[in-house]
Amino acid sequence: MLAFDRVSKVYDTFASGSRYALRDVTFATSMGRTIAIVGRSGSGKSTLLHLAAGIDVPTTGSVGLFGRPLERESETARTRLRRDAVGLVFQFFYLLPHLSLHDNVALPALIAGERGAAVDARIRQLLARVGLEDRARDPVQHLSGGEMQRVAIARALLRRPRLLLADEPTGNLDDANGRAVMDLLLALVAEEGTTLLYVTHSREFAALADETWEIHSGVLDTG
Amino acid sequence: MIRYLVRVVAANLRRAPSLYLLTIVGVALGVASVLTVQILNQSALAAFTGSVQAVSGEADLSVLGRTPTLPDSLYPAVLADPDVAGAWALSRTSVTLADRPDYFLDAVGVDFFAPIRIPFVTSRTGGPAVGATLANPAAVLATPGWTAVSPELATELDLAVGDTFTVTSGVRRARLKVGALVDFRRLTPLAGTRLIVLDLAQAQALLGEPGRIHQIDVRAVAGTELDALAGRLRETLGPGVDVLSPEQRTQRAEGLLAAFRLNLTALSLISVFVGLFLVYSATQASLVRRRAEFGLLRSLGATPRQVFAVIAVEVALLGALGVALGLPLGYWAARVNVEVVSATLTNLYLLDAIERLYVPRALFALAAAIGIGGAVAGALLPALDMSRRDTKTLLAAFTLHERLGSAALPLAGSGAALLAATGLWYVVGGHDWRGAGFVLAIALLAALPLGTPLLVQRLAALVRITDFGWRYSLRSLGVRLQTTAFAIAALGIAVSMLVGITLMIGSFRRTLEVWVNSSLRADVYITTPSWRGRSTEATLDSALAAALAALPGVRAVDRLRGFPGYTGERRIALAGVEMGIPYDDSHLPLLAGERTSALAAVHERGAVLISEPLARKTGLGLGDSLPLSVPTGERRFVVAGVYYDYSSEGGTVILSLPTLNAAFGAGPVNSIALYLAPGADAEATVDAIRARYPDTPLLLRSNRTLRAEVFTIFEQTFAITRMLQGMALLIAVTGITLTLLVLAHERLSELALYRALGAGTRQVFGIFVAEGIGMGALGLVLGGAGGMLLAAILILVINRAYFGWTIQVSVPLAALAWQAASLLAAAVAASLYPAFRASRTTAAELARDDV
Ligand SMILES: Nc1ncnc2c1ncn2[C@@H]1O[C@H](COP(=O)(O)OP(=O)(O)O)[C@@H](O)[C@H]1O
Ligand SMILES: [Mg+2]
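Parameters and conventions
Residues numbered from 1 in each chain as written. Chains lettered and ligands numbered in written order. Predicted model: local features only at pLDDT ≥ 70, side-chain atom pairs only at ≥ 80, totals over all residues. Heavy atoms only, no water. Helix = DSSP H or I, 4+ residues; strand = E, 2+ residues; numbered from the N terminus. Buried < 20%, exposed > 50% of the residue type's maximum accessible area, 1.4 Å probe, protein only. Contact = heavy atoms within 4.5 Å. Areas by Shrake-Rupley, 256 points an atom, 1.4 Å probe, with all protein chains shown as cover. Buried area = accessible area lost by both parts, 1.4 Å probe. Salt bridge = Lys/Arg side-chain N within 4 Å of Asp/Glu carboxyl O. Polar contact = N/O pair within 3.5 Å; in protein donor to acceptor, adjacent residues only side chain to side chain. Nonpolar A, V, L, I, M, F, W, Y, C, P; charged D, E, K, R; others polar. Pairing = 2+ DSSP bridges. Near = heavy atom within 4 Å. Axes fitted to C-alpha atoms, helices over the stretch in contact; angles between N-to-C directions. Phe/Tyr/Trp six-rings, centres within 6.5 Å; stacked < 30°, edge-to-face > 60°. Lys NZ or Arg CZ within 6 Å of the ring centre and 35° of its normal. Left-handed = near helix turned anticlockwise from the far one by under 90°. Patch = residues over 30% accessible without salt bridge, like charges linked within 9 Å, V, L, I, M, F, W, Y side chains within 5 Å. Right-handed = clockwise from strand over helix to strand, strands pointing away.

Participant: How should the overall build of chain B be read in this particular structure?
Facilitator: Summing up its helical and strand segments, chain B has 26 helices and 22 strands in all. For chain B, the residues scored as buried account for 57% of the 851 residues in total. Considering only intrachain contacts with a sequence separation of at least 6, the fraction spanning at least 24 residues in chain B is 81%. On chain B, roughly 33,300 Å² of surface is accessible, and the fraction owed to carbon and sulfur atoms is 62%.

See the structure below:
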């Protein structure tokens, strides 16, 4: 479902010339797998997730998502594909402070132009699942970090994406909260049958995945 | 430090030229509107001062009549005073060129034997030499029509010494001969070019009346106490004259112009106000983009004060650029508008036309100070905000405008308190003061922005988000209040002005229509071209008047004799009328008094009707007595009625023609109006008269033409108002663009998130355009409410106090709807560029904050 074929990503920087963020990366994942990616800061983990989400395109090589080579799709088509089939979770949560929990979770549906009872039921279900159903109408500003990330996970799963990409989802949380968020994330993708790729610095959290991959200076080692 | 600044400015100019340009344009527009108005104000005064100085520059005092003319027998009486070193009589007549009836000249008759210094210049064909007096006055007197003209006029009319030209005064035509070129600007740089000088006796004979003069200029013996001399002369010469110093004469003009100048100044201040908002948003825009840079400066150890200094100097630099652009723009706008303002002065205020712009250097300095000071003041708040924020917030991506959010309620509260306090003040006693209306208007325009954050916040909170469309946009507006509320408030103020002034002008126009319909009843109006210059000498001779009245098809005739007069210190217009047909019910609508008895009193008992502005300004009403200056002193007339009049704000008095003639001495009429028999065609009659009197300078207007002319004058009067209104609106709409640009930068992460969640570029574009429309709509709502209140203040308070007209409120729906539609269209246009910029945001922008 997600397959990289000899993917390289080169950034041309003004100061230090061109530089490989990813070099010759090849892998394929199958449905429902959970994969942890570890590596030092600057090794190319986020770049890999961006390519997978179609946010960016490779310099060389091919990124296949659900059988479609992303680098040949238009920006609009990639955006649609991401909207309909990919969920994203970020280190800094990126919740909109002026919206309620409910509206933050609803955002992907709003953007996709979906509404109605089914959407509302799904939001309620997810908020219940992450343990925040009684705070649906509260603004997100006063939530704790762990709660914010739970809301972000609910948002990412709202439209039942087949692929969920999480970039250091616990990077901004303490150990206990990080653990809780990890457990919740893994439980949810298992329930929904979603494929999960997540970046983490923690060996402990990496061990929770089906597989653990490592990146060194842009070179992927799928173990 | 300086080098850092220069580099920063250069770098930003390259990176975000649109923002910088908009800031500069904002300052430029604000500066330009102030400068335009001030130049016009100063020029209006200078036109008057110039003519005083050019004619009476050498005089310490001028003896002026309180009646149209003075007998020249007063002259020896003036000379007899031991403190008078010299005196000379003058006649002053407005004449028009025979072949250009709308080209007025100010003809001054002087006694060339009097000790006046006239700066004659050597002409191209060798006229008299420069000197204190003419080399050979006797020769001048021997030349019929000898006239000195300014070199500029000679050039404009293509005249050389020895050439002749024809002017008209009333129905008379006079052939004048260019005898010399005289440069009055050597006496005063303000002097107009349309001054012509001829011998007094010739002027009287050709243009005026033998034995009658308009003015005696006096030079006092050195060391004389001028006030005492003036008092003594007044005593000697009797109550029919004023003895004034040139300064006092200028002050009189200032007094006459006060309402006009105040009106313009108030409008230009509003432009500055709105301009400040623009500068504020522009500054904020350029600062927000560089939040990270300031965060970095701070983390490298720069103190808040240093950061503040960097910002202040940078903004002052932008302000200076704005000023550099605004000064020529303001000057240009003044040039473009000088003609309509000049027309207003002559039509409405009976003053000299502005011939040339008068621009004291100080005005440029003032405008520059307003521009740069305004820019810095506008930047103060955002700069302080920026320099005070801690390093961490500066570097963080998602910043909230929580502070203004929580301040919204207290702000609105203080706005309401301000309105309530001002209202109370007005009711309790403020209404007695003439300027009270302006206090009300200012309080309203100040309360409006104070209430804006709350309105925006509450309205936005009401919106339920059901899609990623306009509702979503509206909700977003309520979040970044500090940015959006400012733009909306600025727009609200501009729209208030627009709506308020549109309502006022619309109501006024409608009122005028009703009034014109009922008071312009005759079919053909006949006067002479120079009458429009309000010259007393612009008369129709009685034989001609009688002949016109006897034309076939003429059913009845109104006659009018009019000239300026005085009631106390107030200059007013006097009209002696003889009505040809009995007035029916709607004719001459009265505000106070019963028609039949009022007209009977005017015709049979020498009573008068006074115009509404005069009644309001003097406080006189039915049955009171009105003092008028007449040649023999002062006479009182019973007020039999107050009539609606919109032709002059100075006030007019209607007497019956016999009453006027008895009081001021008999004289020819200035204008007659013909009522035609049923079925007769007015335009045909006009043509017939023209054909019958081809050589008589007549100004013939059918009822239709005259009405059209009334409305042309009306539009002229408000042309400058509309221009300033437009400028304020332009500034406000630019504010929308700026605000959205600020939002596009401020919300970079938010927009990137939308893109990451799958929003297309078109969706982001749409969200931004919807925010622009939302701001436009909120500005409309605020401005609509504010505008209605403002219109009430303008019509009921300010107009009453300064002009004294009753204006029936009428709502020009079509005009308002058109304005609302154009404003929304402008809001859409203003948001296109920022929306485009916002839609270029990519999901990858999120990553930057991630690493
Ligand atoms: N937009 C970009 N422009 C230039 N270089 C980039 C950009 N994004 C990432 N890089 C560089 O690519 C490398 C990999 O970055 P990233 O994938 O974010 O690393 P990680 O997430 O593993 O910390 C780093 O050296 C980073 O500096
Ligand atoms: Mg990363």
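Participant: Can you help me understand the interface of chain A and chain B in this one?
Facilitator: Where interface size is quoted, it is often the accessible area lost as the parts come together. Facing the 25 residues of chain A at the interface are 27 residues of chain B. Summed over both partners, the interface of chain A with chain B comes to about 2,500 Å²; 64% of that surface belongs to carbon and sulfur atoms. For the pair chain A and chain B, the interface holds two salt bridges. One can count four residue pairs in polar contact (both at pLDDT 80 or more) joining chain A with chain B. Residue assignment for the side of chain A that touches chain B shows that the elements contributing at least two residues are α2 (75–85) and α3 (101–112) of chain A. A per-element tally of the side of chain A that touches chain B places α3 of chain A first, with five residues. Each residue belonging to the side of chain A that touches chain B can be placed in one class, and the counts come to 13 nonpolar, five polar and seven charged.

Participant: Help me out: how do you make sense of the sheet that holds strand β1 (residues 2–13) of chain A in this one?
Facilitator: Picture the strands of a sheet paired through backbone hydrogen bonds; they go either parallel or antiparallel. Residue and element names in this part refer to chain A. Spatially, the four strands line up as an open sheet ordered β2-β1-β4-β5, and their pairing is antiparallel. For this open sheet the edge positions go to β2 (17–29) and β5 (68–69), each flanked by a neighbour on one side alone. Strand direction decides the pairing type here: strand β4 (residues 60–65) and β5, joined by two bridges, are antiparallel. Across the sheet, the residue bridging to Leu-65 is Arg-68, located in β5.

Participant: Whenever I open this one, the site of ligand 1 confuses me. Can you help?
Facilitator: Every one of the 13 residues lining ligand 1 counts as a neighbour, but Gly-42, Gly-44, Lys-45, Ser-46 and Thr-47 of chain A are closest to it. Ligand 1 sits at the junction of chains A and B, each of which supplies nearby residues. With respect to ligand 1, the backbone of Ser-43 of chain A contributes an N or O atom lying 3.3 Å from an oxygen atom. Side-chain polar atom of Ser-46 of chain A to an oxygen atom of ligand 1: 2.7 Å apart, as the coordinates give it. Sorting the residues of the shell around ligand 1 by element identifies β1, β2 and α1 (45–52) of chain A as the ones contributing at least two each. The element contributing the most residues to the shell around ligand 1 is α1 of chain A, with three residues. Split by residue class, the shell around ligand 1 holds three nonpolar, seven polar and three charged.

Participant: Please clarify how the sheet that holds strand β3 (residues 34–39) of chain A should be interpreted in this entry.
Facilitator: Residues and elements named next belong to chain A. An order of β6-β7-β8-β3-β9-β10 is seen for the six strands of this open sheet, with the pairing classed as mixed. The sheet is open, and its two borders are formed by β6 (86–89) and β10 (219–221), each paired with just one other strand. The average undirected angle you get between the axes of adjacent strands in this sheet is 20°. Pairing of β3 with strand β8 (residues 195–199), which is carried by four bridges, proceeds in the parallel orientation. Looking at β8, one finds that Ala-36 is bridged to Tyr-198. In this fold α2 packs onto β6 and β7 (163–167), with an angle of close to 80° to the strand it touches most, β6.

Participant: Honestly, the environment of Lys-45 of chain A in this entry has me stumped. Any pointers?
Facilitator: Residues and elements named next belong to chain A. Tracing the chain through its elements places Lys-45 in helix α1. Among the residues examined, Lys-45 registers a relative accessible area of 5% and is labelled buried. Discounting chain neighbours no more than four positions away, the residues touching Lys-45 are Ile-37, Val-38, Gly-39, Arg-40, Glu-168, Val-199, His-201 and Ile-215. For Lys-45, the side chain forms a polar contact with the main-chain oxygen of Gly-39, separated by 3.1 Å.

Participant: Teacher, can you tell me more about the packing of aromatic side chains here?
Facilitator: Taken as a whole and judged by the stated rule, the model has 14 aromatic pairs over all chains. Ring centres of Phe-4 of chain A and Phe-27 of chain A lie 4.5 Å apart, and the angle between their planes is 20°; this geometry places the pair in the stacked category. Linking Phe-4 of chain A in strand β1 with Phe-27 of chain A in strand β2, this pair joins segments that are 23 residues apart in sequence. Comparing Phe-4 of chain A with Phe-27 of chain A shows no difference in burial state: the two are buried. Centroid distance Phe-90 of chain A to Tyr-94 of chain A: 5.3 Å. Interplanar angle 65°. Geometry classified as edge-to-face. On the accessibility criterion, Phe-90 of chain A (7% relative accessible area) is buried. Above the plane of the ring of Phe-66 of chain A lies Arg-162 of chain A, whose end atom (NZ or CZ) is 3.9 Å from the centre. Positioned above the aromatic ring of Tyr-103 of chain B is the side chain of Arg-194 of chain B, whose terminal nitrogen or guanidinium carbon lies 3.8 Å from the ring centre.

Participant: Help me understand the packing of helix α24 (residues 761–802) of chain B against helix α25 (residues 813–839) of chain B in this model?
Facilitator: For any two helices packed against each other, the geometry comes down to the angle between their axes and how far apart the axes lie. Residues and elements named next belong to chain B. For the pair α24 and α25, the least separation of the axes is 8 Å and the interaxial angle reads 145°. For α24 against α25, the interelement crossing comes out right-handed. Here α24 contributes Thr-761, Val-764, Phe-765, Phe-768, Val-769, Gly-772, Ile-773, Gly-776, Ala-777 and Leu-780 to the contact with α25, which in turn contributes Ala-820, Leu-823, Leu-824, Ala-827, Val-828, Ser-831, Leu-832, Pro-834, Ala-835, Phe-836, Ala-838 and Ser-839. A class-by-class count of the residues in the contact of α24 with α25 yields 17 nonpolar, five polar and no charged.

Participant: What's the story with the pairing of β3 of chain A in this structure? I'm lost.
Facilitator: Working note: regular strand, side chains alternate between the two faces of the sheet. Residue and element names in this part refer to chain A. The element β3 is largely enclosed, with a buried count of six among its six residues. The alternating pattern of β3 places Thr-34, Ala-36 and Val-38 on one face and Ile-35, Ile-37 and Gly-39 on the opposite face, and all of these are buried. Summarising the sheet, β3 and strand β9 (residues 211–216) pair through five bridges and their orientation is parallel. Bridging across to β9, Gly-39 finds its partner in Ile-215.

Participant: Just checking my understanding: could you explain a nonpolar patch on the surface for this structure?
Facilitator: Taken together, the side chains of Leu-424, Val-427 and Val-428 of chain B define a hydrophobic patch exposed on the protein surface, amounting to about 340 Å² of accessible area. Residue placement: Val-427 of chain B occurs in helix α13 (residues 402–428).

Participant: What am I meant to see in the pairing of β7 of chain A here?
Facilitator: All names here are of chain A. Within β7, five of the five residues are buried, which leaves the element mostly enclosed by the surrounding structure. Going residue by residue along β7, you find Leu-163, Leu-165 and Asp-167 tucked away on one face and Leu-164 and Ala-166 tucked away on the opposite face as well. Relative to β8, β7 runs parallel, the two being bridged by five bridges. Its bridge partner being in β8, Leu-163 is matched across the sheet by Thr-195. In this fold, the crossover linking β7 to β8 by way of helix α6 (residues 175–192) has right-handed handedness.

Everything listed here is a matter of geometry and, on its own, says nothing about what the molecule does.
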